[in-house]
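Residue-level structure breakdown
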Amino acid sequence: MAATSKDPHNLRELVQTLALGVRIVRRGARGKPTARLERRVDAIREKAQQREDSSKKRKA
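Quantities reported herein were computed from a predicted structural model and do not represent experimental measurements.

Cut-off values and rules
- Residues numbered from 1 in each chain as written.
- Predicted model: local features only at pLDDT ≥ 70, side-chain atom pairs only at ≥ 80, totals over all residues.
- Heavy atoms only, no water.
- Core = buried A, V, L, I, M, F, W, Y, C linked by side-chain atoms within 4.5 Å.
- Buried < 20%, exposed > 50% of the residue type's maximum accessible area, 1.4 Å probe, protein only.
- Helix = DSSP H or I, 4+ residues; strand = E, 2+ residues; numbered from the N terminus.
- Contact = heavy atoms within 4.5 Å.
- Patch = residues over 30% accessible without salt bridge, like charges linked within 9 Å, V, L, I, M, F, W, Y side chains within 5 Å.
- Areas by Shrake-Rupley, 256 points an atom, 1.4 Å probe, with all protein chains shown as cover.
- Salt bridge = Lys/Arg side-chain N within 4 Å of Asp/Glu carboxyl O.

Brief notes about the nonpolar core
With five residues, the main nonpolar core is built from Leu20, Ile24, Leu37, Val41 and Ile44. Contributing elements (two or more residues each) for this core: α1 (11–29) and α2 (35–59). The leading source of residues in this core is α2, at three residues. Ile24 has contacts with Thr34, Leu37, Glu38 and Val41, leaving out every residue within four places of it along the chain.

Right, dumping it as structure tokens:
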């Protein structure tokens, strides 16, 4: 279930994305690579969007 009506993410995905964002900023500040973490965020977003799209199709 989406956390808000305007966002396809559920609460767990929002928390994961926020935590990964904090890790990305901290690693970037230390000059370490962040591509792996950024790919995880993208995967979470894509999964949430696919779930929301399929949910809309079922309702229509």
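Text resumes after the structure shown.
As for a nonpolar patch on the surface
On the surface, a cluster of nonpolar side chains totalling about 270 Å² of accessible area is made up of Leu11, Leu14 and Val15. Within the secondary structure, Leu11 sits in helix α1. What makes Leu11 exposed here is its relative accessible area of 60%.

Any link to function would need more than the numbers given here.
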